[in-house]
Amino acid sequence: MKKFVLKSALYLAVVLLLANGVAFLASFALEKSQFFKPSFLVNAFEPKQKFKVAVFGSSRSLASLDTKIISDQMEGISANFSMDYTALPTTKLMVEHFFAQGFQSEYVVISIDLPDLDSSKTVISENDYRFFPFRKESYVVAYYKKYDEGMVKPLASSAHFPFLGIGYYNMELLGPALISAFKPEYRYQFDELGNFQYPDILGMKERPEFRYFQSALANPILKEIAELTSQNSSNLIIYIAPFLRDDIEILDSCPYVVINHARIINEPKYFSDYIHLVNSGKILATEAFIQDLEKLD
């Protein structure tokens, strides 16, 4: 019996050692790549790069602001660090990552969505595993510890036991890690300035009934982002991208500079759904954004 226990313990130790070895190799490949946005930020730009405009948010800002156009029309490089299937807590984490890695921006643009105006019900987002290569950074540790869910908490535990994160998110991390090992400059569904677009062929044909909302943007996470940008000498701009259905009025008590383009585009052909623009709509939205931003200079 004692021999069986010793052999079992040895086999378990070997398995854990191999699993951690695979996890470290996968993490290293992803950390040195441009596959996901957190690694793209670190590896695609010069150290301590100073941006003109750095855009953060969800898929709505990916579909609404083209940083190639912004870079062409405004002096300085601009980039889009938004990630699909994320909410405001992840946006704040990305902003923390941006500053912690030594980058600066004249303007930090936070694209905010309807569910995050005054509070954030979604706290852990589907794509938060993309910060796995940076799991030992203090701000990532704090985020995973605060928001990771379940009994095992694979992301929160991955700082010390990376095989748990890789094991739980194996489909999401192992394939990208393998691609990154051979093609470190490969980017997943975004270009060299972080942009993604929906083709015009997806444009809608019908306009839904309008919905109306009011907000002073009282979400406490926005206040934390404002403090971050102030500490790093950046100008914070809250951006509300176009909606096909929703109208949002920002109340006078809002303490932020807001570019509210919720109703700037009304034709269904410019939208792939109620909240995302197709490329022709994105060009219109970006041009309007540049005009409003230049008024602030």
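For the structure, check the block above.
No experiment lies behind these values; they were computed from the predicted model shown. (Residues numbered from 1 in each chain as written. Predicted model: local features only at pLDDT ≥ 70, side-chain atom pairs only at ≥ 80, totals over all residues. Heavy atoms only, no water.)

J.: So what exactly am I meant to see when it comes to the overall build of the protein here?
T.: Looking only at helices and strands, one finds 11 helices and 7 strands in the protein. Taking 297 residues into account, the globule formula puts the C-alpha radius of gyration at 19 Å, and the protein, at 21 Å, falls close to it. Seen along its three principal axes, the alpha-carbon backbone of the protein occupies a region of about 75 × 40 × 35 Å. When burial is assessed residue by residue, the protein has 52% of its 297 residues classed as buried. Of all intrachain contacts in the protein linking residues separated by at least 6 positions in sequence, the fraction that spans at least 24 positions is 76%. When the accessible surface of the protein is totalled, it reaches about 14,700 Å², and 57% of it is carbon and sulfur. Computing the positive centroid from 29 side-chain charges and the negative centroid from 35, the protein places the two 10 Å apart. (Helix = DSSP H or I, 4+ residues; strand = E, 2+ residues; numbered from the N terminus. Rg over C-alpha atoms; globule rule 2.2 N^0.38 Å. Buried < 20%, exposed > 50% of the residue type's maximum accessible area, 1.4 Å probe, protein only. Contact = heavy atoms within 4.5 Å. Areas by Shrake-Rupley, 256 points an atom, 1.4 Å probe, with all protein chains shown as cover. Lys, Arg positive; Asp, Glu negative; His and termini not counted. Charge placed at Lys NZ, Arg CZ, Asp CG, Glu CD.)

J.: So what exactly am I meant to see when it comes to the side chain of Asn232 here?
T.: Assignment of secondary structure puts Asn232 in the loop between α10 (220–231) and β5 (235–240). Given a relative accessible area of 18%, Asn232 falls into the buried group.

J.: Sorry if this is basic, but what is going on with the packing of aromatic side chains here?
T.: Where two aromatic rings form a pair, the distance of their centres and the angle of their planes describe that pair. By the definition in use, this model includes 25 aromatic pairs. Between Phe161 and Phe163, the aromatic rings sit 6.4 Å apart at their centres with planes inclined by 75 degrees, giving edge-to-face as the arrangement. Directly above the ring of Phe190 sits Lys37, whose terminal nitrogen or CZ lies 4.9 Å from the centroid. Over the aromatic face of Phe243 sits the side chain of Arg60, whose NZ or CZ is 3.7 Å from the ring centroid. (Phe/Tyr/Trp six-rings, centres within 6.5 Å; stacked < 30°, edge-to-face > 60°. Lys NZ or Arg CZ within 6 Å of the ring centre and 35° of its normal.)

J.: Quick question: what am I supposed to make of a nonpolar patch on the surface here?
T.: Together, Ile179, Tyr186 and Tyr188 make up a nonpolar patch on the protein surface, roughly 250 Å² of accessible area in all. Mapped onto the secondary structure, Tyr186 falls in the loop between α9 (170–182) and β4 (211–215). (Patch = residues over 30% accessible without salt bridge, like charges linked within 9 Å, V, L, I, M, F, W, Y side chains within 5 Å. Salt bridge = Lys/Arg side-chain N within 4 Å of Asp/Glu carboxyl O.)

J.: Hey, could you run me through the environment of Glu137 in this one?
T.: Mapped onto the fold, Glu137 is located in the loop between β3 (104–111) and α6 (138–147). For Glu137, a relative accessible area of 32% puts it in the partly exposed group. Here the alpha-carbon distance between Glu137 and Ala100, two residues 37 residues apart in the chain, equals 9.0 Å.

J.: Is there a simple way to think about the pattern of salt bridges in this case?
T.: Oppositely charged side chains may form a pair once their charged atoms are brought near each other. This structure, assessed with the given rule, holds 10 salt bridges. Of the charged contacts in the structure, one is a salt bridge between Lys52 and Glu106, with a shortest N-O distance of 2.9 Å. Note that Lys52 is positioned in strand β1 (residues 50–56) and Glu106 in strand β3, a separation of 54 residues in sequence. When its relative accessible area of 13% is taken as the criterion, Lys52 is described as buried. On the basis of relative accessible area, Glu106 is assigned to the partly exposed category, the value being 29%.

J.: Would you mind showing me how to read the nonpolar core here?
T.: Considering soluble globular proteins, one finds that nonpolar side chains tend to be buried as a cluster. Residues Phe56, Phe81, Phe98, Ile110 and Leu217 are the most contacted members of the largest nonpolar core, which totals 57 residues. A per-element tally of this core places helix α5 (residues 88–100) first, with 6 residues. Beyond its immediate sequence surroundings of up to four residues, Phe81 is in contact with Lys37, Phe40, Leu41, Phe45, Phe51, Ala54, Val55, Phe56, Met94 and Phe98. (Core = buried A, V, L, I, M, F, W, Y, C linked by side-chain atoms within 4.5 Å.)

J.: What exactly am I supposed to notice about the packing of α5 against α10 here?
T.: To characterise two packed helices, one gives the angle between the axes of the helices and the distance between these axes. Two numbers describe how α5 lies on α10: the axes approach to 10 Å, and their chain directions differ by 10 degrees. Between α5 and α10, the interaxial angle falls into the category roughly parallel. Where α5 approaches α10, its residues Leu88, Pro89, Lys92, Val95, Glu96 and Phe99 are matched on the opposing element by Ile221, Leu222, Glu224, Ile225, Leu228 and Thr229. Taken together, the residues of the contact of α5 with α10 break down into 8 nonpolar, 1 polar and 3 charged. (Axes fitted to C-alpha atoms, helices over the stretch in contact; angles between N-to-C directions. Parallel < 35°, antiparallel > 145°, perpendicular 65-115°, else oblique. Nonpolar A, V, L, I, M, F, W, Y, C, P; charged D, E, K, R; others polar.)

J.: For this particular structure, what's the right way to read the sheet that holds β1?
T.: The strands that make up a sheet are held in pairs by hydrogen bonds between backbone atoms, and each pair lies either parallel or antiparallel. Across the sheet, which stays open at both edges, the 5 strands sit in the order β2-β1-β3-β5-β7 with parallel pairing between neighbours. Only two strands of the sheet have a single partner each, and these edge strands are β2 (78–80) and β7 (258–260). Across the sheet, the mean angle separating the axes of adjacent strands is 20 degrees when strand polarity is ignored. In this sheet, β3 lies alongside β1 in parallel orientation, the contact comprising 6 bridges. Following the sheet pairing, Lys50 is matched in β3 by Gln104. (Pairing = 2+ DSSP bridges.)

As far as function goes, none of this settles anything; it's purely spatial.
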